[in-house]
Amino acid sequence: MNLHGKVAVVTGSGRGLGLAYARALAAAGAAVVVNDVDRAVVDAAVASIASEGGTATGVVAAVGDSASAQQLVDTAVEAFGRLDVLVTNAGILRDRVLWKMTDEDFDDVVRVHLRGTFTCARAAAVRMREQGTGGRLVLISSPAGQRGNFGQTNYAAAKAGIVAMARTWAMELGRAGITVNAVVPVAATEMTKSIPAFAPLIEESERTGEPLPDWLRKDEGLGTVEDVAALIAFLASDASDGVTGQAIGIGGDRLALWAHPQEKAVAFADGGWSADAIAAEWPGGVGVEPETYGIPAPQTPGA
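Residues numbered from 1 in each chain as written. Predicted model: local features only at pLDDT ≥ 70, side-chain atom pairs only at ≥ 80, totals over all residues. Heavy atoms only, no water.

(A) Fine view of the overall build of the protein. Per the secondary structure count, the protein includes 10 helices and 8 strands. Relative to its length of 303 residues, the protein is compact, with a C-alpha radius of gyration of 21 Å against a globular reference of 19 Å. Its C-alpha atoms give the protein principal-axis dimensions of about 65 × 50 × 40 Å. Counting only residues that meet the buried cut, the protein has 45% of its 303 residues in that class. Relative to all contacts within the protein whose residues are 6 or more apart in sequence, the contacts with residues 24 or more apart total 69%. Roughly 15200 Å² of accessible area belongs to the protein as shown, and the carbon and sulfur atoms make up 54% of that amount. Averaging the locations of the 24 positively and 35 negatively charged side chains of the protein gives two centres separated by 4 Å. (Helix = DSSP H or I, 4+ residues; strand = E, 2+ residues; numbered from the N terminus. Rg over C-alpha atoms; globule rule 2.2 N^0.38 Å. Buried < 20%, exposed > 50% of the residue type's maximum accessible area, 1.4 Å probe, protein only. Contact = heavy atoms within 4.5 Å. Areas by Shrake-Rupley, 256 points an atom, 1.4 Å probe, with all protein chains shown as cover. Lys, Arg positive; Asp, Glu negative; His and termini not counted. Charge placed at Lys NZ, Arg CZ, Asp CG, Glu CD.)

(B) Molecular detail of the nonpolar core. Of all hydrophobic cores here, the largest spans 35 residues; its most connected members are Leu-137, Trp-169 and Val-180. When residues of this core are traced back to their parent elements, those giving at least two are strand 1 (7-10), strand 2 (31-36), helix 3 (66-80), helix 4 (103-131), strand 5 (135-140), helix 6 (153-173) and strand 6 (178-185). Residue contacts for Trp-169: discarding those within four places in its chain leaves Thr-117, Phe-118, Ala-121, Leu-137, Leu-139, Gly-174 and Val-180. (Core = buried A, V, L, I, M, F, W, Y, C linked by side-chain atoms within 4.5 Å.)

(C) Structural detail: the sheet that holds strand 7 (residues 247-251). Spatially, 8 strands are ordered 3-2-1-4-5-6-7-8 in an open sheet, and the strand pairing comes out mixed. Where the open sheet ends on each side, the last strands, each with one partner, are strand 3 (55-60) and strand 8 (254-257). Each adjacent strand pair in this sheet contributes to an overall mean axis angle of 20°, direction not counted. Note: strand 6 against strand 7, 4 bridges, orientation parallel. Within the sheet, the bridge partner assigned to Val-183 lies in strand 7 and is Ile-248. Relative to the sheet, helix 2 (residues 39-51) contacts strand 2 and strand 3, its axis offset from that of strand 3 by approximately 175°. Sheet strands touched by helix 4: strand 4 (85-88), strand 5 and strand 6. Its angle to strand 4, the strand with the most contacts, is close to 175°. (Pairing = 2+ DSSP bridges. Axes fitted to C-alpha atoms, helices over the stretch in contact; angles between N-to-C directions.)

(D) The arrangement of the pairing of strand 2 in detail. With 6 of 6 residues buried, strand 2 is to be regarded as a mostly interior element. Residue alternation in strand 2 divides its side chains into two sets, Ala-31, Val-33 and Asn-35 and Val-32, Val-34 and Asp-36, and both sets are buried. With 4 bridges joining them, strand 1 and strand 2 adopt parallel strand pairing. Across the sheet, the residue bridging to Val-9 is Val-33, located in strand 2. One crossover worth recording links strand 1 to the parallel strand 2 by way of helix 1 (residues 16-27), and it is right-handed. Judged from the 6 bridges that link them, strand 2 and strand 3 form a sheet pairing that is parallel. When the bridges of strand 3 are listed, Ala-31 appears paired with Thr-55. Of the crossover connections in this fold, the one passing from strand 2 over helix 2 to the parallel strand 3 is right-handed. (Right-handed = clockwise from strand over helix to strand, strands pointing away.)

(E) Expanded view of the environment of Gly-177. Examined against the element boundaries, Gly-177 turns out to sit in the loop between helix 6 and strand 6. Apart from the residues lying within four places of it in its own chain, the contact partners of Gly-177 are Gly-134, Gly-135 and Arg-136.

(F) Seen up close, the layout of surface pockets. In this structure, the second largest pocket encloses a volume near 380 Å³. The wall of the second largest pocket is formed by 16 residues, among which Gln-146, Ala-259, His-260, Pro-261 and Glu-291 lie closest to the centre. Split by residue class, the lining of the second largest pocket holds 6 nonpolar, 5 polar and 5 charged. (1 Å grid on protein atoms, 1.4 Å probe; cavity = no way out; pocket = protein on both sides within 12 Å on 5 of 7 lines; lining within 4 Å. Points joined across faces, edges and corners; volume = space filled by probe spheres on them. Nonpolar A, V, L, I, M, F, W, Y, C, P; charged D, E, K, R; others polar.)

(G) Structural view of the packing of helix 4 against helix 6. Viewed as axis vectors pointing N to C, helix 4 and helix 6 meet at an angle of 15°, and their least axial separation amounts to 8 Å. Between helix 4 and helix 6, the crossing angle belongs to the class labelled roughly parallel. Our pair here, helix 4 against helix 6, has a crossing hand that is right-handed. Between helix 4 and helix 6, the contacting residues are Asp-105, Phe-106, Val-109, Val-110, His-113, Leu-114, Thr-117, Phe-118, Ala-121, Ala-125 and Arg-129 on the first element and Thr-153, Asn-154, Tyr-155, Ala-158, Lys-159, Gly-161, Ile-162, Met-165, Trp-169 and Leu-173 on the second. For the contact of helix 4 with helix 6, a count of residues per class yields 13 nonpolar, 5 polar and 3 charged. (Parallel < 35°, antiparallel > 145°, perpendicular 65-115°, else oblique. Left-handed = near helix turned anticlockwise from the far one by under 90°.)

So, in structure tokens, the structure goes:
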């Protein structure tokens with residue numbers, strides 16, 4: 001994939017998935033703006049990209065407010081002359097069940113994930129439209145945003161909202177040649193290490209350097225952060241021209257297109273529905289095959 005001449009901003013790219021995205025973009029030839037809240041982490045990420053022959057600079061900022069978003073865009077333009085790609089990866093977790101989640105738990109996560117995606121995308125879109133040469137917005141979502149997840153009211157809501165924004169912005173920015181897609185990644189990270197079925201397998205792979213088991217890479221779509229980064233490089237490239245408004249999953253050996261919500265079953269009642277009529281219709285009609293919810297539990301072979 002050739003990204004020479006392109007400039008990318010990757011939020012939350014000091015470590016983990018974000019760093020893998022930044023390294024993949026730089027390896028393909030893009031100049032990259034790395035972002036994190038920790039100066040030492042930013043400096044280390046920039047140095048690692050430079051050691052691999054890439055070009056990068058860093059911005060220490062907490063994503064969420066408009067000033068930080070503008071700082072990221074301005075840094076890209078001042079350092080490299082333009083902005084072509086934005087990857088909104090920054091995020092935090094404050095997991096708690098509904099009755100224990102505080103206002104601060106909810107607001108902090110929504111501020112970074114949802115508002116941070118909005119403010120950064122808005123600043124990037126303004127710049128890309130001024131340049132007049134199109135661009136790429138790659139918004140990072142999650143399986144939790146597609147299906148819900150226990151203890152993640154704030155995170156799931158924010159990640160679902162990010163996919164909705166991708167669909168909306170794809171319409172709004174299409175005439176400017178700016179594509180907008182949501183990525184639904186699954187990778188071995190500190191978060192997935194907390195899943196009992198995955199933890200020992202991930203730890204063994206990291207200890208030995210051996211790949212994760214084939215069933216895990218295929219059936220569960222779980223691999224390394226580098227496995228996910230290939231999709232980011234594709235969506236940043238000219239090869240993805242025309243791919244917009246999509247939610248695309250990737251992890252391990254698995255690449256998937258997520259369906260958009262649509263009506264599954266429909267019934268009609270002349271003059272409208274009464275509550276009693278709905279009660280009679282539901283069990284054998286519209287509601288006969290209710291949708292599932294939640295991320296399915298891992299299924300280990302032979303279990």
